[in-house]
Amino acid sequence: MTKFITFEGVDGAGKSTHLAWFAEALRQRGLDVIVTREPGGTPLGEQLREMLLNQPMSIGTEAMLMFAARLEHVEQVIEPALRAGRWVISDRFSDASFAYQGAGRGMDWDKLKQLERWVGVQPDLTLFFDVPVEVARLRLANNVSLDRFEQEQDGFFNRVRSGYHRRVAEDPQRFRVIDAAQTLDAVQQQLLDIVATI
Ligand code: TYD
């Protein structure tokens, strides 16, 4: 049964807006849903998020802190909720580390796989909001302040996007790829189709 769902995409894909709407659609079906996010989701994880989004650091440190925050998140929030019979929707999870630190920054894919195995948990379903980088960039232009990742150039985001495609190719059963370049209504229709299959 689908219970642990993650949302992924490049910055500006619109996943956070769609996540709130999707969670509400599941609640209306009577499901007990919690919404959380990465990096973050716990008090320690939020402190790590603050550093990760603002402070320059080596690629390896960045990857390990992402996974450190994730381990805390899994142990403190995700697993207890799943054990209590709740549904968990996370705004980003391990795929983001492969896309951003792996494909984006060039961190070794196999090292990331070791960290992923350490954390242990895999989502039952991952919605990947796929959008051309130019479209994502236009949406980000409305943000007043950009974090360390959002300030990267198009080349970085193109690599991140291809990193997500690599993850989809490695585990196609787990993913649903959403065409996020479409209008809000059209994307919501795609999400409703997914809700109907849950
Ligand atoms: P994001 O979901 O974009 O937060 P917000 O919508 O509030 O800006 O996540 C923050 C950033 O963290 C995003 O640019 C991607 C990055 N990130 C990684 O590089 N690796 C990871 O493992 C995770 C979870 C996020």
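The rules behind these values
- Residues numbered from 1 in each chain as written.
- Predicted model: local features only at pLDDT ≥ 70, side-chain atom pairs only at ≥ 80, totals over all residues.
- Heavy atoms only, no water.
- Helix = DSSP H or I, 4+ residues; strand = E, 2+ residues; numbered from the N terminus.
- Buried < 20%, exposed > 50% of the residue type's maximum accessible area, 1.4 Å probe, protein only.
- Polar contact = N/O pair within 3.5 Å; in protein donor to acceptor, adjacent residues only side chain to side chain.
- Salt bridge = Lys/Arg side-chain N within 4 Å of Asp/Glu carboxyl O.
- Expected span 1.5 Å × (residues − 1).
- Contact = heavy atoms within 4.5 Å.
- Core = buried A, V, L, I, M, F, W, Y, C linked by side-chain atoms within 4.5 Å.
- Axes fitted to C-alpha atoms, helices over the stretch in contact; angles between N-to-C directions.
- Parallel < 35°, antiparallel > 145°, perpendicular 65-115°, else oblique.
- Left-handed = near helix turned anticlockwise from the far one by under 90°.
- Phe/Tyr/Trp six-rings, centres within 6.5 Å; stacked < 30°, edge-to-face > 60°.
- Lys NZ or Arg CZ within 6 Å of the ring centre and 35° of its normal.

Asks: Looking at this structure, I do not really get the environment of Ser-145. What am I missing?
Replies: Within the element layout of this structure, Ser-145 appears in the loop between α6 (133-140) and α7 (154-170). Note: C-alpha distance between Ser-145 and Gln-173 (28 residues apart in sequence) is 37 Å.

Asks: Would you take a moment to explain the side chain of Arg-148 for this structure?
Replies: You can see Arg-148 is positioned in the loop between α6 and α7. Looking at Arg-148, the relative accessible area reads 16%, which means it is buried. Engagement of the side chain of Arg-148 in a polar contact is seen with the backbone oxygen of Leu-52, the distance being 2.9 Å. Among the polar contacts listed, one links the side chain of Arg-148 to the side chain of Glu-62, at a separation of 2.8 Å.

Asks: I keep staring at the pattern of salt bridges and nothing clicks. Help me out?
Replies: Opposite charge on two side chains permits pairing when their charged atoms draw close. Summed over all chains, the structure comprises 19 salt bridges. Salt-bridge contacts for Glu-38 lead to Arg-70; the nearest nitrogen and oxygen are separated by 2.6 Å. Here the residue Glu-38 occupies a position in the loop between β2 (33-37) and α2 (43-54), and Arg-70 occupies one in helix α3 (residues 59-83), the gap between them amounting to 32 residues. Each member of the pair, Glu-38 as well as Arg-70, carries the same accessibility label: buried. Arg-167 is the salt-bridge partner of Glu-170, the closest N and O atoms lying 3.9 Å from each other. Here the residue Glu-170 and the residue Arg-167 both occupy positions in helix α7, the gap between them amounting to three residues, near one helical turn. In this structure Glu-170 comes out as partly exposed when scored by relative accessible area, which is 36%. The class for Arg-167 is buried, based on a relative accessible area of 4%.

Asks: I would appreciate a short explanation of helix α1 (residues 15-28) in the present structure.
Replies: Each α-helix turn comprises 3.6 residues. Residues three or four places apart therefore point the same way. For α1, which comprises 14 residues, the first-to-last C-alpha distance of 20 Å matches the rise-based estimate of 20 Å (1.5 Å per residue) to within 8%. In this structure, the buried residues of α1 make contact with β1 (4-9), β2, β3 (87-91), β4 (125-130) and α8 (184-197).

Asks: Would you mind going over the nonpolar core with me for this structure?
Replies: In globular proteins that are soluble, nonpolar side chains generally tend to be buried together. Ranked by size, the top nonpolar core spans 40 residues in total, and within it Ile-5, Phe-22, Ile-89, Tyr-100, Leu-127 and Phe-129 carry the most contacts. Setting aside its immediate chain neighbours within four residues, Phe-129 contacts Phe-7, Glu-8, Gly-9, Val-10, Ala-13, Lys-15, His-18, Ile-178, Ala-180, Val-187 and Leu-191. Of all hydrophobic cores here, the second largest spans 17 residues; its members include Ala-63, Val-74, Ile-78 and Trp-109.

Asks: Which parts of the structure should I look at to understand unusual backbone geometry?
Replies: Glycine aside, a negative phi is what most residues show, and trans is what most peptide bonds show. Note the cis peptide between Glu-38 and Pro-39, where omega equals -10 degrees. Within the secondary structure, Pro-39 sits in the loop between β2 and α2. Of note in this structure, Arg-92 is not a glycine but carries a positive phi near 80 degrees. Its place among the elements puts Arg-92 in the loop between β3 and α4 (94-104).

Asks: Can you walk me through the packing of α3 against helix α5 (residues 109-119) in this structure?
Replies: Helices that pack against each other are described as a pair by the angle of their axes relative to one another and the distance between those axes. Look at α3 against α5: their axes get within 10 Å of each other, and the N-to-C directions meet at 15 degrees. The angle between the axes of α3 and α5 places the two elements in the roughly parallel class. Two packed elements cross with a definite hand, and for α3 against α5 that hand is right-handed. Taken together, the residues of α5 that come into contact with α3 (itself represented by Ala-63, Met-64, Phe-67, Arg-70, Leu-71 and Val-74) are Leu-112, Leu-115, Glu-116, Trp-118 and Val-119.

Asks: I tried to follow the packing of aromatic side chains on my own but got confused; where do I start?
Replies: Each aromatic ring pair is characterised by the separation of its centres together with the angle its planes make. On inspection of all chains with the given rule, the structure shows nine aromatic pairs. An angle of 85 degrees between the planes, with centres 5.1 Å apart, marks the rings of Phe-4 and Phe-93 as edge-to-face. Note that Phe-4 is positioned in strand β1 and Phe-93 in the loop between β3 and α4, a separation of 89 residues in sequence. Phe-93 gets classed as buried once you look at its relative accessible area, which sits at 1%. A cation over a ring is seen here: Arg-70 above Phe-93, with NZ or CZ 5.4 Å from the ring centre.

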